[in-house]
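Here is how the chains run, residue by residue.
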Amino acid sequence: MKYVIMVSHGEFAPGLHSAVKMMTGDRDDVLSTSLKADMSADQFAENFRTLVAPLKEDDSVILLADILSGSPFTNALAVLDEKGLMANTIVIAGMNMPLAITAVLMKDNFDDPDVLKETLLSEGHAGLTEYVVAAVDDADDDI
């Protein structure tokens, strides 16, 4: 099975997971956990270890993290490495909603992990868009 796993500081990953669930439905192949303010990195690692305990060595993972090299990122990688899953893992830092939805909905449509990775990165980048509000000319309101 191919899993999407979201990790973050605070409530970002569980919140994003909840929002993605609204768009994709409740799925067993989407998991999330976070490093809370009162939690040590070791506690996070143990929570992550429990979260991924059911995964088998031949499973694949798309790991989405809030920031590169943060504690959730580094500890999740260490646990996935312990389980022998790194060879089957795509890791992306800087997750956002378009990236997460695409990962969930498209992960099983690609046989080539490099094409999947490029698709996910493209969607994540495209999700960052400036919206420019047109200036309103108030002079026309006086007529």
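A few points on the structure. Model, not experiment: these values are computed from the prediction. (Residues numbered from 1 in each chain as written. Predicted model: local features only at pLDDT ≥ 70, side-chain atom pairs only at ≥ 80, totals over all residues. Heavy atoms only, no water.)

A look at the packing of helix α4 (residues 97-106) against helix α5 (residues 113-126)
Move 1: Where α4 meets α5, the closest approach of the two axes is 7 Å, and the angle between their N-to-C directions is 150°. With respect to α5, the axis of α4 lies roughly antiparallel. Considering how the two elements wind past one another, α4 and α5 form a crossing that is right-handed. Facing Pro98, Leu99, Thr102, Ala103 and Met106 of α4, the residues of α5 in contact are Leu116, Thr119, Leu120, Glu123 and Gly124.
Move 2: Split by residue class, the contact of α4 with α5 holds six nonpolar, three polar and one charged. (Axes fitted to C-alpha atoms, helices over the stretch in contact; angles between N-to-C directions. Helix = DSSP H or I, 4+ residues; strand = E, 2+ residues; numbered from the N terminus. Parallel < 35°, antiparallel > 145°, perpendicular 65-115°, else oblique. Left-handed = near helix turned anticlockwise from the far one by under 90°. Contact = heavy atoms within 4.5 Å. Nonpolar A, V, L, I, M, F, W, Y, C, P; charged D, E, K, R; others polar.)

Section: the packing of aromatic side chains
Move 1: One pass over the structure, following the stated rule, counts one aromatic pair.
Move 2: Both rings, one in Phe44 and one in Phe48, keep their centres 6.2 Å apart while their planes meet at 25°; by these two values the pair is stacked. Of the two residues, Phe44 and Phe48 are both situated in helix α2 (residues 41-51); the distance of four residues between them amounts to about one turn of the helix. Like Phe44, the residue Phe48 is buried in the burial classification. (Phe/Tyr/Trp six-rings, centres within 6.5 Å; stacked < 30°, edge-to-face > 60°. Buried < 20%, exposed > 50% of the residue type's maximum accessible area, 1.4 Å probe, protein only.)

What to know about the sheet that holds strand β4 (residues 89-93)
Move 1: Overall, parallel pairing links the four strands, which are arranged β2-β1-β3-β4 in an open sheet. Unpaired on one side and paired on the other, β2 (30-35) and β4 mark the two borders of the sheet. For this sheet the average axis-to-axis angle between neighbouring strands, irrespective of direction, equals 15°.
Move 2: The sheet contact formed by strand β3 (residues 60-65) and β4 spans five bridges and is parallel. Within β4, the position partnered with Val61 by the bridge is Thr89.
Move 3: Docked against the sheet, α2 engages β1 (2-9), β2 and β3, running at close to 170° with respect to β2.
Move 4: Against the sheet, helix α3 (residues 71-82) touches β1, β2, β3 and β4, its axis set at about 145° to β1. (Pairing = 2+ DSSP bridges.)

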